[in-house]
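Structural features, examined
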Amino acid sequence: MLKIYNSLSRQKEVFMSIKPGKVSMYVCGMTVYDFCHIGHARVMVIFDMIARYLRYSGFEVAYVRNITDIDDKIIARANENNETISELTNRFIVAMHEDSDALGNISPNLEPKATLHIPEIIEMIKTLVDKKHAYAGSNNDVYFDVSSFERYGRLSGKNIEDLRSGERVEIQQEKDDPLDFVLWKAAKPDEPSWPSPWGKGRPGWHIECSAMSTYCLGNHFDIHGGGQDLQFPHHENEIAQSVCSTDEKFANFWMHNGFVKVDEEKMSKSTGNFFTVREVLQKFQPEVIRFFILSSHYRSPLNYSINNLEEAKSALNGLYIALRDIFVDTSSVPLKEHKDKFNACMDDDFNTPKAISLLHELARDLNKNTNKTSKEAIELVVSLRFFGAILGLLQDEPQKFLQAKPDSSNNCLDEVSIQDLIDQRVAAKSAKNYTEADHIRDHLQTLGISLEDTPQGTNWRRN
RNA sequence: GGCUGAGUGGCAGAGUGGUUAUGCAGCGGUUUGCAAAACCGUGUACCUCGGUUCAAUUCCGGGCUCAGCCUCCA
């Protein structure tokens with residue numbers, strides 16, 4: 001029985017989908033004006049893992065992750081770069097897909113773009129205005145009237161009084177109330193715009209998600225996810241817009257993943273303390289990044305550091321070493337005993353660190369098995385590969401993974417030279433010239449190549 | 001100031017009212033020409049002060065510290 005922590009109730013709840021056997025999930029994706037950083041990678045990997053586990057649990061999953069391709073920062077960045085908005089956004093959409101694919105994510109079922117849903121956005125704003133939940137200001141901006149929605153603040157645990165007394169709410173004269181937020185922004189000269197009942201303009205930040213989630217999944221759907229920093233105001237505002245325009249419940253479950261931190265501080269674009277996915281891929285294989293992300297619980301903070309990534313690499317190496325040289329039928333299904341353990345971890349709010357500890361236990365049992373063709377060994381490999389697939393891990397050929405070079409290492413030793421040195425060492429060894437053999441091994445070690453002698457020959461891998 | 005959440009062994013990171021997390025690193029052993037990998041063994045871990053309890057790291061309360069949100073942010 002799957003339990004999910006619901007940010008709305010602040011506790012784990014038994015997950016029941018609205019329609020039996022089907023799950024609809026909307027995740028707030030990227031605003032595309034720059035490369036994805038590790039924080040973005042975390043959202044992508046976490047919700048990919050969730051979609052995979054839900055599918056494995058027997059649900060048909062409609063996973064929607066939007067692309068916000070029009071907003072203030074995009075306009076500003078395009079101006080800075082002296083390029084058009086669509087040149088900028090298309091470039092970073094391509095880059096985002098490259099990063100997401102590299103990390104082993106299965107593409108969402110739908111990736112709606114804000115600029116392709118302007119009619120739905122305008123329609124929703126119109127409804128809100130008609131229902132007196134929104135009003136046009138003297139500057140032709142349209143604002144949502146926060147006081148018209150009783151439950152405003154419920155998701156983020158804020159009450160309107162506290163927000164009002166907060167010093168950081170900026171006063172804007174056109175608003176009836178400083179807490180009101182913009183649905184439609186009147187166009188300034190030289191800004192991209194679309195015609196609307198309130199004149200030329202463009203959507204505000206939050207409305208596109210309300211309009212697109214409703215368009216793709218209906219008024220009421222199962223799961224809405226995103227980073228913790230979106231809880232307020234973005235998700236709070238989405239709830240207000242959607243509930244007020246449709247008069248239906250919006251999302252049943254709200255899921256928020258924790259931040260990636262650098263030196264105990266949140267990684268974010270505005271502070272500039274971020275590492276892009278492609279930058280980290282220069283040093284580490286994509287699966288190491290994925291393993292690193294999944295080795296802590298999705299709601300906990302995750303501390304980015306080279307040391308932690310190296311640790312992830314060592315741990316993942318160990319799993320691949322256990323899997324080396326054993327081939328199984330990929331359609332095989334794990335033992336019930338193994339499955340029960342794995343499911344127990346994952347059913348508890350997607351406890352991937354615990355699930356990974358199970359992988360290590362399976363690997364240890366496998367290593368104990370001296371006969372790699374025994375029934376038990378095969379069963380263990382089947383389980384490792386099968387559970388790995390649900391996490392998006394361990395799908396590579398072990399030898400390929402262990403010998404792969406990171407992106408940046410095009411100057412390191414190639415496979416032919418390595419094999420050549422290994423052959424020389426084997427020759428030295430059989431001549432009992434151990435000084436020479438050890439010399440070659442030490443030389444390779446300084447180049448980041450580790451050797452292992454086995455009865456079947458010498459294995460090598462990159463550190 | 002308001003509201004969240006967190007403080008676990010050298011590090012990373014789960015979890016639990018009394019019983020081994022797991023990984024990385026370390027130490028001892030088996031193995032090996034020597035290594036590596038692997039296996040076995042090995043760690044007086046749970047911020048602090050009170051309370052509840054036969055028993056608390058785990059529940060409750062106070063304190064301290066940290067992070068996040070309240071402004072753009074995954």
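This one's a predicted model, so the numbers in the text were calculated from it and none came from an experiment. (Residues numbered from 1 in each chain as written. Chains lettered and ligands numbered in written order. Predicted model: local features only at pLDDT ≥ 70, side-chain atom pairs only at ≥ 80, totals over all residues. Heavy atoms only, no water.)

Let's talk about a nonpolar patch on the surface
- The grouping of Met-1, Val-14 and Met-16 at the surface amounts to a nonpolar patch, some 350 Å² of accessible area in total.
- Looking at Val-14, the relative accessible area reads 34%, which means it is partly exposed. (Patch = residues over 30% accessible without salt bridge, like charges linked within 9 Å, V, L, I, M, F, W, Y side chains within 5 Å. Areas by Shrake-Rupley, 256 points an atom, 1.4 Å probe, with all protein chains shown as cover. Salt bridge = Lys/Arg side-chain N within 4 Å of Asp/Glu carboxyl O. Buried < 20%, exposed > 50% of the residue type's maximum accessible area, 1.4 Å probe, protein only.)

Structural notes on the side chain of Asn-369
- Tracing the chain through its elements places Asn-369 in the loop between helix H12 (352-368) and helix H13 (375-391).
- When neighbours within four sequence positions are excluded, Asn-369 is seen to be in contact with Ser-374, Glu-376, Ala-377 and Leu-380. (Helix = DSSP H or I, 4+ residues; strand = E, 2+ residues; numbered from the N terminus. Contact = heavy atoms within 4.5 Å.)

A look at helix H10 (residues 306-323)
- The first and last C-alpha atoms of H10 sit 26 Å apart over 18 residues, in line with the 26 Å expected at 1.5 Å per residue.
- Within H10, the full set of buried residues consists of Leu-309, Ala-312, Lys-313, Leu-316, Asn-317, Leu-319, Tyr-320, Ala-322 and Leu-323.
- Phi for Asp-325, located one or two positions after H10, is positive at around 65°. (Expected span 1.5 Å × (residues − 1).)

Things to note about the pairing of strand S4 (residues 60-68)
- Most of S4 sits out of view: 7 of its 9 residues are buried.
- Note that strand S3 (residues 22-31) and S4 share 8 bridges and pair parallel. Residue pairing in the sheet places Val-27 in a bridge with Arg-65 of S4.
- Running through helix H1 (residues 38-56), the crossover from S3 to the neighbouring parallel element S4 is right-handed. (Pairing = 2+ DSSP bridges. Right-handed = clockwise from strand over helix to strand, strands pointing away.)

Observations regarding the packing of H1 against helix H11 (residues 336-347)
- The interhelical angle for the contact between H1 and H11, taken along N-to-C directions, is 130°, at an axis separation of 12 Å. Our classification of the angle between H1 and H11 gives oblique. Note on packing geometry: the crossing formed by H1 with H11 is left-handed. Residues Met-49, Tyr-53 and Tyr-56 of H1 lie in contact with H11, whose contacting residues are Lys-339, Phe-342, Asn-343, Met-346 and Asp-347. (Axes fitted to C-alpha atoms, helices over the stretch in contact; angles between N-to-C directions. Parallel < 35°, antiparallel > 145°, perpendicular 65-115°, else oblique. Left-handed = near helix turned anticlockwise from the far one by under 90°.)

Some thoughts on the side chain of Arg-42
- Within the secondary structure layout, Arg-42 lies in helix H1.
- Apart from the residues lying within four places of it in its own chain, the contact partners of Arg-42 are Asn-257, Gly-258, Phe-259, Val-260, Ile-293, Ser-296, His-297, Tyr-298, Arg-299, Ser-300, Pro-301 and Leu-302.

Digging into the sheet that holds strand S13 (residues 302-304)
- Judged by pairing direction, the sheet is mixed, and its 3 strands sit side by side in the order S12-S11-S13 without closing on themselves. Because the sheet does not close on itself, it has two edges, and the strands there are strand S12 (265-266) and S13.

Details of the confidence of the model for chain A
- Per-residue confidence for chain A gives a mean pLDDT of 94; residues scoring 70 or more make up 98%.
- In the model output, the complex is listed with pTM 0.96 alongside ipTM 0.97. (pLDDT = per-residue confidence, 0-100.)

Structural notes on the sheet that holds strand S9 (residues 221-227)
- Read from one edge of the open sheet, 4 strands run S4-S3-S9-S10, paired in parallel fashion. Each edge of the open sheet is held by one strand with a lone partner, namely S4 and strand S10 (251-257). Recorded for the sheet is a direction-independent mean angle of 20° between the axes of neighbouring strands.

Let's talk about the pattern of salt bridges
- Applying the stated criterion across every chain, the model contains 27 salt bridges.
- Of the charged contacts in the structure, one is a salt bridge between Glu-191 and Arg-202, with a shortest N-O distance of 3.4 Å. On the criterion of sequence distance, the pair formed by Glu-191 in the loop between strand S7 (181-186) and strand S8 (201-203) and Arg-202 in strand S8 is long-range, its members being 11 residues apart. Each member of the pair Glu-191 and Arg-202 is classed as buried.
- The shortest N-O distance in the salt bridge between Lys-368 and Asp-365 comes to 4.0 Å. One end of the pair is Lys-368 and the other is Asp-365, both in helix H12 and 3 residues apart, which spans about a single turn.
- Residue classification places Lys-368 among the exposed residues on the basis of a relative accessible area of 59%.
- Since its relative accessible area comes to 29%, Asp-365 is described here as partly exposed.
- Each of Asp-72, Lys-185, Glu-191 and Arg-202 takes part in a single network of salt bridges with overlapping partners.

Comments concerning the packing of H11 against H13
- Contact geometry for H11 and H13: axes closest at 11 Å, N-to-C directions at 25°. Classed by the angle they form, the pair H11 and H13 counts as roughly parallel. Judged by the sense of rotation from one axis to the other, the crossing of H11 with H13 is right-handed. Judged by residue contacts, His-338, Lys-339, Phe-342 and Met-346 of H11 engage Glu-379, Leu-380, Ser-383, Phe-386, Phe-387, Ile-390 and Leu-391 from H13.
- The residue inventory of the contact of H11 with H13, partitioned by class, reads 7 nonpolar, 2 polar and 2 charged. (Nonpolar A, V, L, I, M, F, W, Y, C, P; charged D, E, K, R; others polar.)

A word on the packing of aromatic side chains
- This model, assessed by the stated rule, comprises 19 aromatic pairs.
- Between Tyr-53 and Tyr-56 the ring centres are 5.5 Å apart and the planes differ by 45°, which places this aromatic pair in the tilted class. Placement of both Tyr-53 and Tyr-56 in helix H1 is noted, with a separation of 3 residues, approximately one turn of the helix.
- The class for Tyr-53 is buried, based on a relative accessible area of 1%.
- By relative accessible area, which is 23% here, Tyr-56 ends up partly exposed.
- Between Phe-275 and Tyr-304, the ring centres sit 4.5 Å apart and the planes meet at 25°, which makes this aromatic pair stacked. (Phe/Tyr/Trp six-rings, centres within 6.5 Å; stacked < 30°, edge-to-face > 60°.)

A closer look at the pairing of strand S14 (residues 449-454)
- Summarising the sheet, S14 and strand S15 (residues 457-462) pair through 6 bridges and their orientation is antiparallel. The residue bridging Ser-450 from the neighbouring strand is Arg-461, located in S15.
- Connecting S14 to the antiparallel partner S15 that follows it, the hairpin turn spans 2 residues.

Describing helix H16 (residues 434-446)
- Across its 13 residues, H16 extends 18 Å between first and last C-alpha, which sits within 8% of the 18 Å expected from 1.5 Å per residue.
- Taken as a whole, H16 has its buried residues at Ala-437, Ile-440 and Leu-444. Along H16, the residues classed as buried sweep out an arc of 65° about the axis, all on the same side. The exposed residues of H16 that point more than 90 degrees off its buried face are Thr-435, His-439 and Thr-446.
- Where the residues of H16 are buried, they touch helix H15 (415-430) and S14.
- Two residues or fewer after H16 comes Gly-448, characterised by a positive phi angle close to 85°. (Arc of directions from axis to C-beta.)

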